[in-house]
Amino acid sequence: MTPVVQAKGVVKRYGHVTAIDHSDFELLPGEILAVIGDNGAGKSSIVKAICGATSPDAGEILIEGKQVNFSSPIEAREMGIEIVYQNLALSPALSIADNMFTGRELRKPGFLGKYLRMLDKQAMERFAREKLTELGLMTVQSIKQPVETLSGGQRQGVAVARAAAFATKFIIMDEPTAALGVKESRKVLELIKDVRARGIPIILISHNMPHVFEVADRIHIHRLGKRLCTINPKDYTMSDAVAFMTGAKEPPAQDAA
Amino acid sequence: MTTKPGYEQVLDGSDTQVARFETRHTLLKRVQHILHNNPTFVPVIVLILSLAVFWIIAGGRFFSAFNLSLIMQQVSIIGMLAAAQSLIIITAGIDLSVAAIMILMSVIMGNLAVHMGVPAPIAIIVGCAGGMLAGAMNGLLITKIKLPPFITTLGTWSIFFALNLWLSGAQSIRSQDIDEHAGLLKFFGNAVNIGGARITFGVILMILIFIVLWYMLNKTAWGRHVYAIGDDMEAAEMSGIRTERTLVSVYMLAGLVCAIAGWASIGRVGSISPQSFYEGNLQSITAVVIGGISLFGGRGSIMGALFGALIVGVFQSGLRMAGVDVLWQVFAIGWLIIIAVAIDQWIRRVSA
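Worth saying up front: this structure is predicted, and the values here are computed from it rather than measured.

Rules used in this analysis
Residues numbered from 1 in each chain as written. Chains lettered and ligands numbered in written order. Predicted model: local features only at pLDDT ≥ 70, side-chain atom pairs only at ≥ 80, totals over all residues. Pairing = 2+ DSSP bridges. Helix = DSSP H or I, 4+ residues; strand = E, 2+ residues; numbered from the N terminus. Axes fitted to C-alpha atoms, helices over the stretch in contact; angles between N-to-C directions. Contact = placed C-beta atoms within 7 Å. Nonpolar A, V, L, I, M, F, W, Y, C, P; charged D, E, K, R; others polar. Parallel < 35°, antiparallel > 145°, perpendicular 65-115°, else oblique. Left-handed = near helix turned anticlockwise from the far one by under 90°. Core = buried A, V, L, I, M, F, W, Y, C linked by C-beta atoms within 7 Å. Buried ≥ 20, exposed ≤ 12 C-beta atoms within 10 Å, placed from the backbone.

A.B. asks: Report on the sheet that holds strand β9 (residues 218-223) of chain A, specifying residues and quantitative values.
C.D. replies: All names here are of chain A. With mixed pairing, the six strands of this open sheet are ordered in space as β6-β7-β8-β3-β9-β10. Sheet topology places β6 (81-84) and β10 (226-231) at the edges, where each strand pairs with a single neighbour. Adjacent strand axes in the sheet meet at a mean angle of 20°, parallel and antiparallel pairs treated alike. Two strands pair when backbone bridges link them, and β9 and β10 are joined in this way by five bridges, in the antiparallel orientation. Note on β10: the bridge partner recorded for R223 is K226. The strands touched by helix α6 (residues 152-166) within the sheet are β6 and β7 (170-174), with β6 carrying the most contacts at an inclination of about 175°. Where helix α7 (residues 182-197) meets the sheet, its contacts fall on β3 (32-37), β7 and β8 (202-205), and the angle it forms with β8 comes to roughly 155°.

Here is the structure:
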């Protein structure tokens, strides 16, 4: 099985700090891969290197077996890679529909769209409503509602729906439940599983062990700038995972990177 | 739902109501909410009220077709500058150089066409290109060197004003000279008379500029991006908007509108004076603010700036006709600005 994403020996230095130290990374088709690690272990850095937010100093990144060299997240996005950021990346005063299509708006067919560059608002609203309904999120009153009038969970839902609607390769989620309450987290976790059920693999960066152990198929443990090991959550307990990522315990040889 | 960890099992029995809402909406709250969704309502209401009040105070002389069309003529140039200013303010920026660009470009058009014998259409095209270049300079300084818009345009205001004095030699170009060499420069001073109203081409141009910019801001992807940038720059960047490119295009478009306003100002004033419209920068900001466009970016309709400019015009004309001293006109405009910003702040505090 060709991994959807594969990173080999990636290095990234910021001055004297080595954020990524010859790290490997692998995301397999159809899986949820959780990335865990202590603060400063470099888990965000490796994910940023994969999506083009930073360019690595050495090593290579392959997407579906082909080497890529993204210079910005926009390029990654054009390849069908979507990112759900911790701080959401939604524009508060714009509507739900506007937000879902930011940067890839649909234009009207014919003269209006081609020469007057008129947006096809109806089509965008219809599509946004469809996607939100598919994910069971149509509890919002109106698709034209500004995002700032939504609750935290609803906003996160819009961000996930946007990613799910446009991702063809995979989705990266950076702490999607960090700012949410118990019930709202639950909703987002269900969303994540829904997205996997559609066959889109997900990279989930999270600090929340119960959430990670609940949804992840494999767990990538990052420590001191590199992959320490990849474990199956069924074979280990949460305390094992915490012990590995903090260095309290060495991972067994067969799982080590 | 089957894989829920133990401690969350109790959730199944939990209250499904997310929040309880007070249904006791006060009238004030409801008004606040409507204004939040329609930021142009305030200036429209103020405009209608001020027309009514001055009609009562100053009488039919004020509310005549002639006087109302005169007000339109008086606000036409500042209105165009306010249109350019709105574009910038919606991105959460500010442009102190709009009037300086306008005058500089009118001087360039005049110098080329009147003194150097360049055909008027070419002089006008050069002036418009110059306006875009001046805007690009503002935009590039702000995006590439990351200077705050306020400081950048404070600097370019002086630079453009100095260039204007240098190119013009601080001399006006007389009306007769323009008529003789390049009548086209005064094109927007022409007018059509309908009833008692005198509608200049400059007024029509101003309205056209507002309609075109409104279309661009509301019906095109570019416009949505302009709002998104003003709303939250970082979020816009992360959702895939090429923010720097869009910002430079906004400043260039504003520069172009200023240059066109420069052309129209020749028709309005009759001559080309390097000293005219010195307060245009601040007057354009006044119109934008009174028009309900938020100085914090991302909110407000460009049509608000048109109403804002008209409100200022109506106040000045009405107070003058009511025999009030000029100083009290200035006083009234000052209060209008403060009240407009206070209302904006109040509207922004609305929560769901």
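This is not the end of the story, as more comes after the structure.
A.B. asks: Account for the pairing of strand β2 (residues 17-27) of chain A, with residues named and values stated.
C.D. replies: Residue and element names in this part refer to chain A. In the sheet, strand β1 (residues 5-14) pairs with β2 via seven bridges, with the strands oriented antiparallel. Across the sheet, the residue bridging to R13 is T18, located in β2. Taken together, β1 and the strand that follows it, β2, pair antiparallel across an intervening segment of two residues, in which G15 is found at a positive phi of about 60°.

A.B. asks: Give me the sheet that holds β2(A): which residues, what numbers.
C.D. replies: Residues and elements named next belong to chain A. Taken in spatial order, the four strands of this open sheet run β2-β1-β4-β5, and their pairing is antiparallel. The sheet terminates laterally at β2 and β5 (66-68), the two strands that pair on one side only. Pairwise comparison of adjacent strand axes, ignoring direction, gives a mean angle of 30° for this sheet. Sheet topology places strand β4 (residues 58-63) next to β5; three bridges connect them, and they run antiparallel. Opposite I61, over in β5, you have V68 as the bridge partner.

A.B. asks: So what's going on with the interface of chain A and chain B? Which residues, and what values?
C.D. replies: Every contact between the two is made by 22 residues of chain A and, on the other side, 21 residues of chain B. When residues of the side of chain A that touches chain B are traced back to their parent elements, those giving at least two are α2 (73-78), α7 and α8 (209-215) of chain A. Among the elements that take part in the side of chain A that touches chain B, α7(A) stands out by supplying three residues, more than any other. When the residues that make up the side of chain A that touches chain B are grouped by side-chain class, the tally is eleven nonpolar, four polar and seven charged.

A.B. asks: Outline the packing of helix α13 (residues 302-321) of chain B against helix α14 (residues 326-348) of chain B, supporting the account with residue identities and numerical values.
C.D. replies: All names here are of chain B. It is at 10 Å that the axes of α13 and α14 come closest, and there the two elements cross at 150°. Relative to α14, the element α13 is oriented roughly antiparallel. Relative to α14, the crossing made by α13 is right-handed. Of α14, the residues touching α13 (which contributes I311, V312, F315, Q316, L319 and R320) are W328, Q329, A332, I333 and L336. Broken down by class, the residue content of the contact of α13 with α14 amounts to eight nonpolar, two polar and one charged.

A.B. asks: Before we move on, can you summarise the nonpolar core with the specific residues and values?
C.D. replies: The biggest cluster of nonpolar side chains holds 172 residues, and the ones touching the most others in it are I171(A), L204(A), M80(B), L81(B), V257(B) and C258(B). Top contributing element to this core by residue count: helix α11 (residues 243-269) of chain B, with 16 residues. The contact partners of V257(B), leaving out residues within four places of it in the chain, are M80(B), A83(B), A84(B) and I209(B).

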